[in-house]
Amino acid sequence: MWSLRRAAATLRSQGYRVRASQAFYTKSDLFGDSLGQDLGSPGYSHFLSVQTISGRGFSHISTFREKSYGGSQTLSSQAGAKSSDEEDADDGFSELETSSEAEDVVETAVSEEKPEELISESHFSDDEPEADTLETTQSGLVLSDAEVDPPAGKDIQKKVSSLFKVIVSAPRQGVTKAIDQWAAEGNSLGRSEIFATILNLRKRKMFLKALQLLEWLEVNKQLEHKERDYASRLDLIAKVHGINKAEKFIEKIPKSFRGEVTYRTLLANCSATTNLTKAEEVFNKMKDLGFPLTTFSCNQLLILYKKLDKKKIADVLLMMEKENVKPSLFTYKLLIDTKGRANDIDGMEQVVETMKAEGMEPDLYAQSIIAKYYAYGGFREKAEKILKEMEGDNLKENRGACIHLLHLYATLGSANDVERVWKVCESSARLGECLASVEAWGKLGKVDKAEAVFEKMQRSFKPSTKYYTALLKVYANNNLLMKGKELVKKMSDIGIQIGPYTWDALVRLYVEAGEVEKADSILQKASEQNSNVKPLYSSYMAVLSQYAKRGDIHNAEKIFHRLRQAGYVGRMQQYQTLLQAYVNSKAPAYGFRERMKADNIVPNKMVAGMLIQVSGLKKGSVLDLLE
């Protein structure tokens with residue numbers, strides 16, 4: 001029996017900043033937190049409450065508070081909750097509203113076999129400040145190859161159909177008419193043609209057009225629906241119209257097709273939009289419907305808890321152990337990243353040992369996560385050893401490692417190794433390798449080399465927001481405001497569409513230049529420009545941090561309010577940063593404790609200490625906050 005849950009023990013008491021000396025125990029040993037409490041001790045019980053429901057496939061986790069759901073204990077949390085139906089409706093993105101930076105998202109398969117392995121690896125670089133890249137993404141869900149007619153299943157990802165070309169060239173309002181004309185010309189519309197088209201539309205984030213195709217098929221009765229067809233449409237509705245509309249669509253699906261795949265699709269979209277309350281509700285709904293507990297569903301909760309409430313990770317792992325749900329490689333990667341981010345290198349290494357004991361070897365991405373945290377922790381020799389393993393005997397034959405190596409050697413400050421790896425790629429460089437090279441040279445302060453790679457991209461690839469934003473980040477990180485302004489003007493002149501990642505780079509450009517008011521203005525305009533695409537969490541935090549440093553309470557509160565309006569709630573970091581504004585201004589923060597309590601935020605020791613400074617609480621009162 002696996003003992004993975006012990007890896008999360010140190011995350012309970014102080015979130016991701018805790019470092020513990022022990023993370024694993026044998027199953028018969030204590031599962032303790034960093035204070036040495038065991039599972040059965042009175043001081044531990046308020047952190048973990050797991051109850052097995054007899055006759056059903058799920059264990060229910062009691063978190064924050066317990067509520068009644070069908071007569072049983074259910075998952076419950078306020079973190080990440082939306083404040084209105086209207087906000088939920090804006091969770092999805094159409095192809096005209098999504099910037100091209102998100103094109104590299106790996107889509108999740110609605111497949112019975114290994115769906116969790118296809119989840120976007122961008123979940124490891126989420127929008128928290130400790131992440132290497134500060135970004136949020138959406139996980140797509142598509143049909144597996146097994147769901148299309150052979151032989152299309154083998155080359156569906158390479159096939160670009162004539163129908164796809166017709167839909168792409170059609171205006172958004174004219175998709176239905178274009179499909180009508182295409183069909184009237186006598187073109188065949190087999191299942192392989194349909195799903196080759198949908199897959200290619202998804203890969204380009206043209207979710208609205210993919211949805212319009214499915215709606216056309218239903219109206220014209222051109223497709224005999226299976227459960228995965230309904231799940232695919234559900235996913236597109238969630239992306240285009242939001243979670244609430246997706247839930248209403250489920251009610252229209254025939255009961256015989258409302259299976260585990262359908263609800264798993266909805267759960268994944270809740271996870272992708274960081275809607276924890278809704279995700280827990282869907283998770284419990286799946287339990288009430290009698291669906292078996294799967295690794296995929298547990299991973300969706302782990303993704304959310306990793307971002308919003310790390311102390312609950314151990315609860316999910318315990319539930320998985322009790323229900324004998326085996327962790328996947330993706331589960332291990334989530335835990336490796338979580339332990340590394342907590343600066344718990346010992347714990348991270350023991351997760352890796354457990355993974356290997358279960359017969360799984362770290363893949364390239366897992367190795368890159370491990371090496372990154374070795375580098376951040378000052379374990380240079382260990383990091384270099386992993387990098388050599390990633391390179392293998394012949395880097396030219398192992399090109400897939402180059403993107404990771406460029407980033408990691410730059411993190412180690414090794415310009416020679418960055419140059420060596422780039423030479424392997426340079427003559428036939430792919431876009432991802434070019435982007436990694438630009439970012440690596442920027443990290444090393446070699447702006448001229450980053451610009452040279454940028455020029456190569458301009459000559460080799462179509463104009464793309466991706467590489468303009470990459471160079472803009474280089475200018476921001478190296479405090480080159482004038483060059484940044486010139487690049488933005490060039491983007492405007494050639495009609496480059498910008499989105500959240502470009503906004504983030506712009507905000508950082510002005511923040512680093514000390515022009516926080518200008519950064520604030522850009523952020524405000526970005527949020528007003530398109531209601532369906534919100535700025536990144538990191539963009540708001542960059543501005544909030546600057547106001548906090550100044551002790552500017554008025555503007556700090558303003559940004560904090562905008563964070564909440566954008567749906568970013570229930571995070572310790574934003575409260576801690578806002579509180580810092582009060583500390584720096586030496587002003588009392590009346591009612592701050594109640595504000596945190598309303599979001600189910602329990603102050604850690606650092607925040608409790610700051611509360612003493614701004615509220616004059618007695619020591620005993622502050623200790624009460626930690627109970």
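Residues numbered from 1 in each chain as written. Predicted model: local features only at pLDDT ≥ 70, side-chain atom pairs only at ≥ 80, totals over all residues. Heavy atoms only, no water.

1. Concerning the overall build of the chain
Link 1 in the chain: From N to C terminus, the chain includes 31 helices and 6 strands.
Link 2 in the chain: Out of the 627 residues in the chain, the part that is buried amounts to 58%.
Link 3 in the chain: Expressed as a percentage of contacts within the chain between residues at least 6 apart in sequence, the contacts between residues at least 24 apart total 68%.
Link 4 in the chain: Total accessible area on the chain stands at roughly 26,300 Å², and carbon and sulfur atoms take up 48% of it. (Helix = DSSP H or I, 4+ residues; strand = E, 2+ residues; numbered from the N terminus. Buried < 20%, exposed > 50% of the residue type's maximum accessible area, 1.4 Å probe, protein only. Contact = heavy atoms within 4.5 Å. Areas by Shrake-Rupley, 256 points an atom, 1.4 Å probe, with all protein chains shown as cover.)

2. Things to note about the confidence of the model for the chain
Link 1 in the chain: Confidence along the chain averages 77 in pLDDT terms, with 72% of residues attaining 70 or more.
Link 2 in the chain: Within the chain, the lowest mean pLDDT, 27, falls on helix α1 (residues 42-45), and the highest, 97, falls on helix α18 (residues 402-411).
Link 3 in the chain: Segment residues 11-159: pLDDT under 50, and 406 contacts once partners within four positions in sequence are set aside and those in other chains are kept.
Link 4 in the chain: Considering only residues more than four positions removed or in separate chains, one finds that residues 617-623, a stretch of pLDDT under 50, has 5 contacts. (pLDDT = per-residue confidence, 0-100.)

3. Notes on the packing of aromatic side chains
Link 1 in the chain: This structure, assessed with the given rule, holds 12 aromatic pairs.
Link 2 in the chain: Ring plane angle 40 degrees and centroid distance 5.9 Å describe the contact between tyrosine 263 and phenylalanine 291, whose orientation is recorded as tilted. Of this pair, tyrosine 263 sits in helix α10 (residues 260-272) while phenylalanine 291 sits in the loop between α11 (276-288) and α12 (295-308); the two residues are 28 residues apart in sequence, bridging distant segments of the chain.
Link 3 in the chain: The class for tyrosine 263 is buried, based on a relative accessible area of 8%.
Link 4 in the chain: Taken together, the ring pairs connect Phe560, Tyr575, Tyr582 and Phe592 into an aromatic cluster.
Link 5 in the chain: Between lysine 239 and the ring centre of phenylalanine 207, over which it is positioned, the NZ or CZ distance is 5.7 Å.
Link 6 in the chain: The ring of phenylalanine 296 has arginine 264 sitting right over it, with the charged end atom 5.1 Å from the ring centre. (Phe/Tyr/Trp six-rings, centres within 6.5 Å; stacked < 30°, edge-to-face > 60°. Lys NZ or Arg CZ within 6 Å of the ring centre and 35° of its normal.)

4. Side note on the state of the cysteines
Link 1 in the chain: Within the structure shown, the criterion is met by 0 disulfides.
Link 2 in the chain: Lacking any disulfide linkage, cysteine 402 is separated from the closest cysteine sulfur, that of cysteine 425, by 3.6 Å.
Link 3 in the chain: Looking at the unpaired cysteine 434, the closest cysteine sulfur is the one in cysteine 425, lying at 8.4 Å.
Link 4 in the chain: A residue is classified by how much of its surface remains accessible, and cysteine 434, at 0% relative accessible area, is buried. (Disulfide = S-S within 2.5 Å.)

5. Considerations on the packing of α12 against helix α13 (residues 313-322)
Helix-helix packing is described using two parameters, namely the angle between the two axes and the distance between the axes.
Link 1 in the chain: Remark: α12 packs on α13, axes separated minimally by 9 Å, with the N-to-C direction vectors making an angle of 165 degrees. Taken together, α12 and α13 sit at an angle that is classed as roughly antiparallel. Both α12 and α13 take part in a crossing whose hand is left-handed. Together, Thr295, Cys298, Leu301, Leu302, Tyr305 and Lys306 of α12 and Ile313, Val316, Leu317, Met319 and Met320 of α13 make up the contact between the two elements.
Link 2 in the chain: Grouping the constituent residues of the contact of α12 with α13 by class yields 9 nonpolar, 1 polar and 1 charged. (Axes fitted to C-alpha atoms, helices over the stretch in contact; angles between N-to-C directions. Parallel < 35°, antiparallel > 145°, perpendicular 65-115°, else oblique. Left-handed = near helix turned anticlockwise from the far one by under 90°. Nonpolar A, V, L, I, M, F, W, Y, C, P; charged D, E, K, R; others polar.)

6. Here's the deal with the packing of helix α17 (residues 380-391) against α18
Link 1 in the chain: Running from amino to carboxyl end, α17 crosses α18 at an angle of 160 degrees, the nearest separation of the two axes being 10 Å. Taken together, the axis directions place α17 and α18 in an arrangement best described as roughly antiparallel. Pair α17 / α18 crosses with left-handed handedness. Contacts between α17 and α18 involve Leu387, Lys388, Met390 and Glu391 from the former and His404, Leu405, Leu408 and Tyr409 from the latter.
Link 2 in the chain: Residue composition of the contact of α17 with α18, by class: 5 nonpolar, 1 polar and 2 charged.

7. Details of the environment of methionine 596
Link 1 in the chain: Within the element layout of this structure, methionine 596 appears in helix α29 (residues 592-598).
Link 2 in the chain: Distance from methionine 596 to methionine 572, taken between C-alpha atoms, is 8.6 Å for residues 24 residues apart in sequence.
Link 3 in the chain: Other than its neighbours up to four places away in sequence, methionine 596 contacts Met572, Tyr575, Ile601, Pro603 and Val607.

8. Observations concerning the nonpolar core
Link 1 in the chain: If you look at the biggest cluster of nonpolar residues, it comprises 158 residues, and the most contacted ones within it are Val543 and Phe592.
Link 2 in the chain: Setting aside its immediate chain neighbours within four residues, phenylalanine 592 contacts Tyr575, Leu578, Leu579, Tyr582 and Leu611. (Core = buried A, V, L, I, M, F, W, Y, C linked by side-chain atoms within 4.5 Å.)

9. Description of the side chain of serine 437
Link 1 in the chain: In this fold, serine 437 is placed in helix α20 (residues 431-443).
Link 2 in the chain: Among residues more than four places away in sequence, those in contact with serine 437 are Leu406, Trp422 and Val453.

10. Considerations on the pattern of salt bridges
Link 1 in the chain: Counting across every chain of the model gives 33 salt bridges.
Link 2 in the chain: The shortest N-O distance in the salt bridge between lysine 339 and aspartate 344 comes to 2.8 Å. By the burial criterion, lysine 339 is buried, and aspartate 344 matches it.
Link 3 in the chain: It is possible to trace a salt-bridge network through shared partners that takes in Glu280, Asp309, Lys311 and Lys312. (Salt bridge = Lys/Arg side-chain N within 4 Å of Asp/Glu carboxyl O.)

11. Some thoughts on unusual backbone geometry
Link 1 in the chain: Despite not being glycine, asparagine 479 has its phi angle at roughly 55 degrees, a positive value.
Link 2 in the chain: You can see asparagine 479 is positioned in the loop between α22 (465-477) and α23 (481-493).
Link 3 in the chain: Under the relative-accessibility criterion, asparagine 479 is labelled partly exposed at 44%.
Link 4 in the chain: Phi is positive for lysine 586, which is not a glycine, with a value near 55 degrees.
Link 5 in the chain: Looking at where lysine 586 falls in the secondary structure, it is placed in the loop between α28 (572-585) and α29.
Link 6 in the chain: Its relative accessible area of 76% is what places lysine 586 among the exposed residues.

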